[in-house]
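Chain residues, written in single-letter form:
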Amino acid sequence: MYDWNRQRPSTMPYHRYRPAHERVDVPLTDARAWPARRITQAPLWVPVDLRDGNQALAEPMDPVRKRRMFDLLTGMGFKEIEAGYPSASRQDFDFVRDLAERGGGEDVTVVVFTAARRDLIERTFASIEGLPRVVVHLYTATAPTWRDVVLGHDRRELRDLIMDAAGHVARLAGDRDIRFQFSPEVFNLTEPDYVLEVCNDLTALWDASPDRPVIHNLPATVEIATPNVYADQIEHMHRHLDRRDSVILSVHPHNDRGTGVACAELALLAGAQRVEGCLFGNGERTGNVDLVTLALNLHSQGVDPMIDLSDIDEVRRVVEHCNRLPVPDRHPYAGDLVYTAFSGTHQDAIGKGLAHHAKRAADLGVPPEQAPWEVPYLPIDPADVGRDYQAVIRVNSQSGKGGIAYLLRTRYGLELPRRLRIDFSSVVQRATDGSGEEMTAEKLWRLFHTTYLTPGETSALADWRTVETGPGTHEFAGTLRSGRRLHGTGNGPLDALTSALAADGIEVDILHYAEHALDPGRDGRAIAYVEARVGGVTRWGAAQDTSVLTASVHAVLSAVNRAIDG
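Residues numbered from 1 in each chain as written. Predicted model: local features only at pLDDT ≥ 70, side-chain atom pairs only at ≥ 80, totals over all residues. Heavy atoms only, no water.

- As named in an unreviewed UniProt entry, the protein is 2-isopropylmalate synthase, taken from Nonomuraea solani.
- UniProt, in its Function (unreviewed entry) section for the protein, records the words "Catalyzes the condensation of the acetyl group of acetyl-CoA with 3-methyl-2-oxobutanoate (2-ketoisovalerate) to form 3-carboxy-3-hydroxy-4-methylpentanoate (2-isopropylmalate)."
- Quoted straight from UniProt, the Catalytic activity (unreviewed entry) entry for the protein says "3-methyl-2-oxobutanoate + acetyl-CoA + H2O = (2S)-2-isopropylmalate + CoA + H(+)". (UniProt positions renumbered as here; feature names shortened; annotations may be inferred.)

This is how it looks when you write it as C-alpha cells:
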C-alpha cells in the first residue's frame, strides 16, 4: 500500500467469490485483434423488449401495450424483433398469432423463443403459422453450474438433448422460410471448447448456408468479468466457428456489472454482427444492454445507427407507458437532465460553444443542424433527438437565480413533474425577459395559477359526473354551458372524460398525470397535473380541489383549453 492511499480493508466477505479467470478458461490472449479495430457500421439490432424485457416486468404488458411497443419498434426501423415466448404464456401465444392473422409484421422478421423441449417447440410452431418471416430461437443453459445444479446433465447428455431438440425444430420447419437461432445461455461461463462443439454441431445439423445463415447468440447472461474478457470470448468463437460465412454471430449482454454497453461494443470489435437488447436497458436484475445508448453512441461517432431516434421523448413516453417504469433523469441521451448544465462554468462554455457553432454554420453556408458538431459538454446536438437545448438549460439557469421549483415546493407545496418544470420555466423566462425583475415566490405562484389553473376553472362544463358502471368501466356525463351534452365510457374516470371529448370532436391523449395532497387531513386540498396532446398540440394543465377526482377532471380541461386557445 502506497503512503498516499490511506484506505483500509473493508469488512465485506470478498473472499467468498472467485475471479472470472478461475471460473472459465479464455484461450485467446496475445493473439487478440479486437483492440485495434473500429466500429464502422451498425450491427443488426434485435429488440427483445416484448420477450426478455416483458418477462422482467412486475406487470407484464397487456395486448394493447404489446401492440403499441411493437408498433414503436417497427416505426423506429427495427427489422428483426423478438415478439415473445409463445409456449410460456397464453398472452405471448395470442400476440404472435395476432401478428400472423391481423398483420403488422409484414416487413419484419419475427423471432420466437423456446426452450429445448419437444412439447414447447411444437407449441411455438403452432403460434407462427402464417407469418412470412420467422426465426425460431432455441435456448439451453450450458455453463457447468447450470448443468450440475439446475439441469442434472453432464456435457454429453446436454449436447444430446440440444441436438434432439434442434432436429425436431428442423423437421417442423420443413422447407418454409424459417431460420434457426441457438443461445447457449450463460455462454460467458461455459467452457469454450464445449460451446464451440455444440454450436458447430448445430451449424451442420441445420445445414447453414450464406443464403440461410444460422444465428449463434452468445449471451453474457450474468456479467462476471470486465468487458475485455467477453470480447476475448467472442473473438475466439468468431475465429473458430465452422462455416463462418453462414453464421450470424450475435450477442446478448446483461448489465450486472454495469458494463453491458461496453461488452456489446467490444463484442462488435471482436466479430459480433448482431446485438439483442432492450430500449433503455429494461430486463431482469440490472437489465439487458441498452439499444438506445448503443445506437446513439454510434451516432456520436459519425456512424449511421440505422434506427430512428429523432424524437427521443416520444420513444421514451411509449416505453415508460408500456413498461410502467420511468426512464431515469440521468439516462444517457434520453433523460430529462442529460443536456442540462447546472454548473455556471459549464453553462458559460456551452453558451460560447453554441455561438461558435452558429457562426461556423453561417461561414459554411449550411443550416446549424447540418454543420459539424463541436460544442463543449454536449457529445451530440440535442436537436438530433428532438430536444431544444435552450429550453432545457433555461430551467436550470432560472432555478439557480430564482429557485423556481424550490420556492414553489417550500412555500406552496407544489411538487411539479419534471417536464412541467421545464414547461413553466419557459413561461417564467418570458415574464422575466419582459420585466427584468427577479421572480419572488408570490409572483411565481400567481404566474403558475394564471397559466395552468385558471384555464380549468373557467371551463365550458356547466355540470358533470362520473360513475363506475362495472369492474374497470366508468362513464362520464356532462353538460356544456352551451347546453350540449357530453357522454363517454372508459377504463377510468379520465379515460371516460377523453372519450366524451372525442365524441364532441376534441381528440385528447393524456401523456402524463400526477397528483398529490396540498394540505394535511381528510378534507385537505389536492392538486393534479396533466400533460395532454390535443389535436397535435401538447399542453400542461393543473387544478386543485378537496376532491382528487374534481382536480383531475379540471386539470384535463385546463390542458385542453390551453391547447385550443394556443
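### Quick word on the domain arrangement of the protein
Now for step 1: Here the domain parsing of the protein yields domain 1 (44-323), domain 2 (344-439) and domain 3 (461-565).
Now for step 2: Together domain 2 and domain 3 conceal approximately 730 Å² of surface at their shared face, both sides included; 63% is due to carbon and sulfur atoms.
Now for step 3: At the boundary of domain 2 and domain 3, one finds 1 salt bridge.
Now for step 4: Between E531 and R419 there is a salt bridge, and its shortest N-O distance comes to 3.4 Å.
Now for step 5: Of all the elements, helix α16 (residues 418-435) adds the most residues to the side of domain 2 that touches domain 3, at 3 residues. (Domains from an automatic or database assignment. Buried area = accessible area lost by both parts, 1.4 Å probe. Salt bridge = Lys/Arg side-chain N within 4 Å of Asp/Glu carboxyl O. Helix = DSSP H or I, 4+ residues; strand = E, 2+ residues; numbered from the N terminus.)

### As for the pattern of salt bridges
Now for step 1: Applying the stated criterion to the full structure yields 41 salt bridges.
Now for step 2: With its nearest N and O atoms 2.7 Å apart, the salt bridge here joins R32 to D232. Pair noted here: R32 is in the loop between α1 (20-23) and β1 (44-47) and D232 is in helix α9 (residues 227-240), with a separation of 200 residues, a long-range link.
Now for step 3: Taking relative accessible area as the criterion, D232 reaches 5% and is therefore assigned buried.
Now for step 4: The salt bridge involving R51 is made with D52; its shortest N-O contact spans 3.8 Å. D52 shares its class with R51; the two are buried.
Now for step 5: A single salt-bridge network, built from bridges that share partners, covers R156, R159, D160, E197 and D201. (Buried < 20%, exposed > 50% of the residue type's maximum accessible area, 1.4 Å probe, protein only.)

### Structural notes on helix α18 (residues 493-503)
Now for step 1: All buried positions along α18 are accounted for by L494, A496, L497, T498, A500 and L501.
Now for step 2: Contacts from the buried residues of α18 go to β10 (473-480), β11 (485-490), β12 (508-517) and α19 (548-565). (Contact = heavy atoms within 4.5 Å.)

### Quick notes on the sheet that holds strand β3 (residues 109-115)
Now for step 1: Reading across from one edge, β1-β8-β7-β6-β5-β4-β3-β2 is the order of the 8 strands in this open sheet, with parallel pairing throughout. Sheet topology places β1 and β2 (80-84) at the edges, where each strand pairs with a single neighbour. Between one strand axis and the next, the sheet turns through 25 degrees on average, direction left out of account.
Now for step 2: Both β3 and strand β4 (residues 134-141) contribute to a ladder of 6 bridges, which runs parallel. What sits directly across from V112, in β4, is V136.
Now for step 3: Against the sheet, helix α8 (residues 192-205) touches β5 (178-185), β6 (214-220) and β7 (247-253), its axis set at about 170 degrees to β5. (Pairing = 2+ DSSP bridges. Axes fitted to C-alpha atoms, helices over the stretch in contact; angles between N-to-C directions.)

### Quick word on the packing of α9 against helix α10 (residues 260-269)
Now for step 1: Put simply, α9 and α10 touch, their axes get as near as 8 Å, and they point 35 degrees apart. Helix-helix and strand crossings are classified by hand; for α9 and α10 the assignment is right-handed. Contact residues: P227, N228, Y230, A231 and I234 in α9; A262, C263, L266 and A267 in α10.
Now for step 2: Its residues placed into classes, the contact of α9 with α10 shows 8 nonpolar, 1 polar and no charged. (Left-handed = near helix turned anticlockwise from the far one by under 90°. Nonpolar A, V, L, I, M, F, W, Y, C, P; charged D, E, K, R; others polar.)

### Here's the deal with the sheet that holds strand β14 (residues 537-545)
Now for step 1: If you trace the 3 strands from one edge of the open sheet to the other, you get β12-β13-β14, paired in antiparallel fashion. Lying at the two open borders of the sheet, with one neighbouring strand each, are β12 and β14. On average, each strand axis in the sheet is inclined to that of its neighbour by 15 degrees, with strand direction left out of account.
Now for step 2: Set on the sheet, helix α17 (residues 441-457) makes contact with β13 (526-534) and β14; between it and β14 the angle comes to about 115 degrees.

### Thoughts on a nonpolar patch on the surface
Now for step 1: Residues V149, V150 and L151 make up a contiguous nonpolar surface patch of about 280 Å² in total accessible area.
Now for step 2: Relative to the elements of secondary structure, V150 occurs in helix α6 (residues 144-151). (Patch = residues over 30% accessible without salt bridge, like charges linked within 9 Å, V, L, I, M, F, W, Y side chains within 5 Å. Areas by Shrake-Rupley, 256 points an atom, 1.4 Å probe, with all protein chains shown as cover.)

### A word on helix α12 (residues 312-323)
Now for step 1: Its 12 residues place the ends of α12 16 Å apart at the C-alpha level, agreeing with the 16 Å of an ideal helix rising 1.5 Å per residue.
Now for step 2: Of all 12 residues that make up α12, 10 are buried, and the element is covered over most of its length.
Now for step 3: Within the sequence span of α12, burial applies to I312, D313, V315, R316, R317, V318, V319, E320, C322 and N323. (Expected span 1.5 Å × (residues − 1).)

### Observations concerning the side chain of S558
Now for step 1: Tracing the chain through its elements places S558 in helix α19.
Now for step 2: Ignoring anything within four residues of it in the chain, the contact list for S558 reads Y452, P455, G456, G541 and A542.

### Some remarks on the packing of aromatic side chains
Now for step 1: Counted by the stated rule, this structure contains 12 aromatic pairs.
Now for step 2: Ring geometry for Y85 versus F113: centroids 5.0 Å apart, planes at 85 degrees, classification edge-to-face. Here the residue Y85 occupies a position in the loop between β2 and α4 (90-102), and F113 occupies one in strand β3, the gap between them amounting to 28 residues.
Now for step 3: What makes Y85 buried here is its relative accessible area of 11%.
Now for step 4: Judged by centre distance (6.2 Å) and plane angle (20 degrees), the ring pair of W445 and F448 falls under stacked. (Phe/Tyr/Trp six-rings, centres within 6.5 Å; stacked < 30°, edge-to-face > 60°.)

### Things to note about the UniProt feature "binding site: Mg(2+)" (unreviewed entry) in the protein
Now for step 1: On the UniProt side, "binding site: Mg(2+)" (unreviewed entry) is annotated at positions that read D52, H252, H254 and N288 here. A stretch of 237 residues holds the annotated residues, and the largest C-alpha distance among them is 10.8 Å, short enough that they meet in one place.
Now for step 2: By the element assignment, D52 lies in helix α2 (residues 49-55).
Now for step 3: Look past the residues within four positions of D52 in its chain and what remains in contact with it is E82, H252, H254 and N288.

### Concerning the packing of helix α3 (residues 63-76) against α4
Now for step 1: Interaxial distance between α3 and α4 falls to 11 Å at its minimum, and their mutual angle equals 55 degrees. Relative to α4, the element α3 lies oblique. Crossing hand, α3 versus α4: right-handed. In this structure, α3 contributes P63, K66, R67 and F70 to the contact, and α4 contributes Q91, D92, F95, D98, L99 and R102.
Now for step 2: Within the contact of α3 with α4, the residues separate by chemical class into 4 nonpolar, 1 polar and 5 charged. (Parallel < 35°, antiparallel > 145°, perpendicular 65-115°, else oblique.)

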